[in-house]
Amino acid sequence: MSGVNVAMRRTLLSCTSLARNGLIVLGGTLASFVPARADDLPLLQAVSTLFDFNRQEIAVLTTALAPLGFSVLAAILLMRTRVGAARNEARLRADIGELQAQADRFRALLFAEPQILISWPAGDNRPQISGDTALLMPQEFQQHQPQRILAFGTWLPPEPALQMDHAVDALREAGEGFLLNLTTSNGRAIEAMGRAIGGQAIVRIRELSGLRRELAETNLRHKALLEETEMLRGFAAAAPWPIWAKRAKGGLSYANAAYARATEAVSTADAIDRDLELLDSGDRSDMDRALNGPTAFNARLPIVVSGERRIHDVHALNVAGGSMGIAIDASEATALRAALVRMAEAHRRTLDQLSSGVAVFDGQRRLAFYNDSYRRLWDLDRAFLDSNPDDSSVLDRLRAARKVPEQPDFRAWKAKLHEAYRAVEPEKDTWYLPDGRAVSVVTTPNPEGGVTYLFDDVTESLELARRFDGLIRVQRETLDNLAEAVAVFGSNGRAQLFNPAFAKMWNLSPEALREQPHIETVEVWCTPLVDDAKIWRAIREAITAIENRVEVPLKLERRDGSVLDCMTMPLPDGATMLTFQDITDTENVERALRERNEALETADQMKVDFVHHVSYELRSPLTTIIGFAHFLSDPVTGPLTPKQAEYLGYITASTNALLAIINNILDLATIDAGAMSLNLGSVDIRKTIEAAAEGIQDRLATDRIQLRVDIDSNIGSFVGDERRVVQVLYNLLANAVGFSPQDAIIGLSARRTDHIVVFTVTDSGPGIPPDVKDKVFDWFESHSHGSRHRGAGLGLSLVRSFVELHGGKVRVDSIVGNGTTVTCDFPVDQTAHRNAAE
């Protein structure tokens, strides 16, 4: 029993221990004990082993001890709860103290340096600010307005303040962090960093000092260096001059686009890969020698760029790790410099060729330049002038030689002359020398200091001026005595000169004309006599015109019936001279002659019209007569007696001759009316001559006249109206036969050139007298001159009309007693001739 008690006691102690260690009885069985901590598990195992209970025994024991165990366990649990609460309170106080200490350590660490923390909780616009606000805020806002820390414009310049505003807005709205290095209005360098942490937007602002400031400044300098490097790279890439960099051991390490173009590379990478050189070997050697020393390389060298040799200023210098160079196109500068040198030399040569004496004194009043005219004008020694004497020495030498004006106070005169060194505008004077010469002197101050003297010997000019004045007086007297009215108007349109005839012709007052009235005023005065706006406009334009100044002839009809012939004559000085001549009598005679000529032309036209009308009216009955004559000569109508046949032959010959005359008259009338047109085609010259010669065979046989034809073998053809050409040659041959005696020889020749075909007909008749030669082509002009020729005088008229209608010409060469030669020129290409005429 004692053993059981001992076991029970031990069990209670174990239960107590289990309760103290957090065991909980679930369902009244020991098997349902659950350890509160992991270290109680060995205890349970020990209890089970100690008692060596099986499940049934444990159940019986648990049932027996349940009331007692529950009470003990409840007491133990209550006691344990109180002990745990005290222990938790002590532990909580220790944790709070530890957290407070840790927070103090963090705050001390956080604010070990001056800085400000600004936080915005999620969904709250009210910021929480902590830290040293005196770091950033102005003095007047430190105590009373701490919230002004958020008004960045109060302690930051405008641009950084705007940058800060945008960064804070992006942080609060999108959680975008930032890191800015800024400078406050009072010159402090600060760092502003923004982050989104735990749902809050936090901004930390601190002053950069010590190592941080140096690091920030280094970053800024690095950033600025990077920006500057990019800027320089961009500039080098866009620069129009070749720029390159080489390594220390040689070889191209950088080249811009201009370098690639200059070396004809595909790209800058191609130029670097192929290590293309811009300079030739000799220039590169000179550059390498210069760069091996302490000096840079600067030279003006010729470089072939895009196949063109141009001058460049090449600059190269050593840099870290190699060398750099640039070639600036100096072709234009070189050309301009050479042009400037040439211009200066040309100016010197020009000044040496001037007849005016030129002397240039510098700012120290010493002679810097003189031309040969200056030396000859004053007869000064060249060695003296080449020694660069001062102005006073030159004047003293001229005074000693009596080559300056005589002055009562020479020193004062010289001082006044030397005021030109302080003057702004040029001065002009005339020196009357003791030897009788007059010298014009112009003193011009130079912009760079000094004075330029310009001397001109005006002795002859003054003499010419006196002579000119005398000549003007003579001309004025001459104009005053002219019968023609003359007036001279200047380029400004005002009357400068007039003679009495002009004032008298237009009824003008000489006193009013001496006031130099304008041409418009003179026009108003003259309008009562000539009221023609077109005439006066032409006169005004002739006087006031600047370009196209030419003579303008005019005719004025005045209201009093007189007629004036006006001529505007432009003068060399820009003035215009008007001349008026009364041509009333001449105009009346001319009018009478013109009326007579018009009457004669009308009568001639009436004659032509009458002939044309009569010829046309005669043609119809004449055609009928010819028809009946042919009908009577036909054997079908019956036989005729020999006398009747003879008379019928006379009728036929006469009617044919009359018809030819009428046809010729009609052709001439048609040509004069401009109604005749040519039927152009190819004209075979040889066949045309044969056709014309065949028409006069009967007359050649009757008068025993021989026709001699001379034609080139390759005469060919030309463009024309074949029928009219045959008619021309027939009339010429008929005219030659009519004027040639019996047993004579007439000639017909044809030759060809590149542009014309020439027909020539010659006879051995009596020739044409000079007084008749100009009339042979007129209508009905027929002169036998003792020959057998009889006709209406229309043959040569037709010849000239047809030849001229072809665009050709007719010439008559005749010597009395030696025959006549008629030459006709026909153009080869009638189409080309008509196009040229159009």
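Above this text is the structure in question.
Just so we're clear, the structure is a prediction, and the values are computed from it rather than from any experiment. (Residues numbered from 1 in each chain as written. Predicted model: local features only at pLDDT ≥ 70, side-chain atom pairs only at ≥ 80, totals over all residues. Heavy atoms only, no water.)

**Student:** Where do I start with the overall build of the chain in this structure?
**Tutor:** For the chain, the count of helices and strands is 26 helices and 27 strands. Within the chain, the fraction of its 838 residues that count as buried is 35%. The contacts in the chain between residues at least 6 apart in sequence include a share of 49% that link residues at least 24 apart. Just so you have it, the chain exposes about 50,900 Å², and 55% of that area is on carbon and sulfur atoms. (Helix = DSSP H or I, 4+ residues; strand = E, 2+ residues; numbered from the N terminus. Buried < 20%, exposed > 50% of the residue type's maximum accessible area, 1.4 Å probe, protein only. Contact = heavy atoms within 4.5 Å. Areas by Shrake-Rupley, 256 points an atom, 1.4 Å probe, with all protein chains shown as cover.)

**Student:** Would you explain a negative patch on the surface in this entry?
**Tutor:** On the surface, a cluster of negative charge is made up of E419, E425, E427 and D429. Mapped onto the elements, D429 comes out in strand 13 (residues 427-432). (Patch = residues over 30% accessible without salt bridge, like charges linked within 9 Å, V, L, I, M, F, W, Y side chains within 5 Å. Salt bridge = Lys/Arg side-chain N within 4 Å of Asp/Glu carboxyl O. Lys, Arg positive; Asp, Glu negative; His and termini not counted. Charge placed at Lys NZ, Arg CZ, Asp CG, Glu CD.)

**Student:** What is the right way to look at the sheet that holds strand 20 (residues 576-582) in this model?
**Tutor:** Working definition: the strands of a sheet are paired by backbone hydrogen bonds and lie parallel or antiparallel to each other. The antiparallel open sheet is built from 5 strands, whose spatial order is 17-16-20-19-18. The open sheet has two free edges, formed respectively by strand 17 (495-498) and strand 18 (552-557), since each of these has just one partner strand. Averaged over all neighbouring strand pairs, the angle between strand axes comes to 20°, with direction disregarded. As defined by bridge partners, strand 16 (residues 485-489) adjoins strand 20 across 5 bridges and the pair is classed as antiparallel. Its bridge partner being in strand 20, V488 is matched across the sheet by M577. (Pairing = 2+ DSSP bridges. Axes fitted to C-alpha atoms, helices over the stretch in contact; angles between N-to-C directions.)

**Student:** What's the story with the side chain of K414 in this structure? I'm lost.
**Tutor:** One can find K414 in helix 13 (residues 410-417). For K414, the residues in contact, after removing those within four places along its chain, are S392, L395 and D396.

**Student:** I would appreciate a short explanation of the packing of aromatic side chains in the present structure.
**Tutor:** Pairs of aromatic rings are described using the distance from one ring centre to the other and the angle between the two planes. Taken as a whole and assessed by the stated rule, the structure comprises 16 aromatic pairs. Here Y453 and F455 contribute two aromatic rings whose centre-to-centre distance is 5.8 Å and whose plane-to-plane angle is 10°, an arrangement assigned as stacked. Centroid distance W506 to F580: 5.4 Å. Interplanar angle 80°. Geometry classified as edge-to-face. Linking W506 in the loop between helix 15 (500-505) and helix 16 (510-513) with F580 in strand 20, this pair joins segments that are 74 residues apart in sequence. Of the residues examined, W506 reaches a relative accessible area of 2% and is grouped as buried. Put simply, the rings of F361, Y374, W378, F410, W413, W431, Y453 and F455 touch in pairs and so form one group of aromatic residues. The ring centre of Y421 lies 4.6 Å from the NZ or CZ of R365, which sits over that ring. Over the ring of W506 we find R558, and its NZ or CZ is 5.5 Å from the ring centre. (Phe/Tyr/Trp six-rings, centres within 6.5 Å; stacked < 30°, edge-to-face > 60°. Lys NZ or Arg CZ within 6 Å of the ring centre and 35° of its normal.)

**Student:** Whenever I open this one, helix 4 (residues 158-174) confuses me. Can you help?
**Tutor:** One full turn of an α-helix is made of 3.6 residues, so residues set three or four places apart face in the same direction. Its 17 residues give helix 4 an end-to-end C-alpha distance of 24 Å, which sits within 8% of 24 Å, the value for a rise of 1.5 Å per residue. What helix 4 keeps buried is the set P160, A161, M164, A167, V168 and L171. One face of helix 4 carries all of its buried residues, which in axial projection span an arc of 130°. Helix 4 presents P158, E159, E173 and A174 as exposed residues on the side facing more than 90 degrees away from its buried surface. (Expected span 1.5 Å × (residues − 1). Arc of directions from axis to C-beta.)

**Student:** It is not clear to me how empty space enclosed by the protein should be interpreted in this structure. Could you clarify?
**Tutor:** Tallied over the entire structure, the rule returns 3 cavities of 30 Å³ or more. In this structure, the largest cavity spans a volume of roughly 70 Å³. Considering the residues around the largest cavity, the lining is formed by F361, Y374, D391, V394, L395, L398, L417, W431, Y453 and F455. For the lining of the largest cavity, the secondary-structure elements that each account for two or more residues are helix 12 (391-400) and strand 15 (451-457). Top contributing element to the lining of the largest cavity by residue count: helix 12, with 4 residues. A breakdown of the residues in the lining of the largest cavity according to their chemical character gives 9 nonpolar, no polar and 1 charged. (1 Å grid on protein atoms, 1.4 Å probe; cavity = no way out; pocket = protein on both sides within 12 Å on 5 of 7 lines; lining within 4 Å. Points joined across faces, edges and corners; volume = space filled by probe spheres on them. Nonpolar A, V, L, I, M, F, W, Y, C, P; charged D, E, K, R; others polar.)

**Student:** Can you help me understand the packing of helix 21 (residues 685-694) against helix 23 (residues 722-739) in this one?
**Tutor:** Each packed pair of helices is defined by two parameters, the angle between the axes and the distance between the axes. The contact between helix 21 and helix 23 brings their axes to 8 Å, and the two run at 50°. Here helix 23 runs oblique to helix 21, going by the angle between their axes. Where helix 21 crosses over helix 23, the two elements pack in a sense that is right-handed. For the pair helix 21 and helix 23, contact is made by T688, I689, A691, A692 and A693 and by E722, V725, V726, L729, Y730 and L733, respectively. For the contact of helix 21 with helix 23, the class distribution of residues is 9 nonpolar, 1 polar and 1 charged. (Parallel < 35°, antiparallel > 145°, perpendicular 65-115°, else oblique. Left-handed = near helix turned anticlockwise from the far one by under 90°.)

**Student:** What's the story with unusual backbone geometry in this structure? I'm lost.
**Tutor:** With the exception of glycine, most residues fall at negative phi, and the peptide bonds are largely trans. A positive phi angle, near 65°, is found at R365, a position not held by glycine. Locating R365 in the fold gives a position in the loop between strand 11 (357-361) and strand 12 (367-370). In this structure, N388 takes a positive phi of about 55° despite not being glycine. Residue position: N388 is located in the loop between helix 11 (382-386) and helix 12.

**Student:** Which parts of the structure should I look at to understand the pattern of salt bridges?
**Tutor:** For side chains of opposite charge, pairing can occur when their charged atoms come near one another. In this structure the tally under the stated criterion is 23 salt bridges. With a closest N to O distance of 2.6 Å, R300 and D313 form a salt bridge. In this pair, R300 is assigned in strand 8 (residues 297-305) and D313 in strand 9 (residues 308-319), connecting sequence segments 13 residues apart. Of the charged contacts, one joins R704 and D743 as a salt bridge, the two residues approaching to 3.0 Å between their closest N and O atoms. Residue R704 is found in the loop between helix 22 (697-702) and strand 22 (706-711), and its partner D743 is found in the loop between helix 23 and strand 24 (745-752); the two are separated by 39 residues along the sequence.

**Student:** Would you mind showing me how to read the environment of G293 here?
**Tutor:** Secondary-structure assignment places G293 in the loop between helix 8 (281-292) and strand 8. The partly exposed category is assigned to G293, whose relative accessible area is 27%. Here the alpha-carbon distance between G293 and N318, two residues 25 residues apart in the chain, equals 9.4 Å.

In short, shape yes, function no, at least from these values alone.
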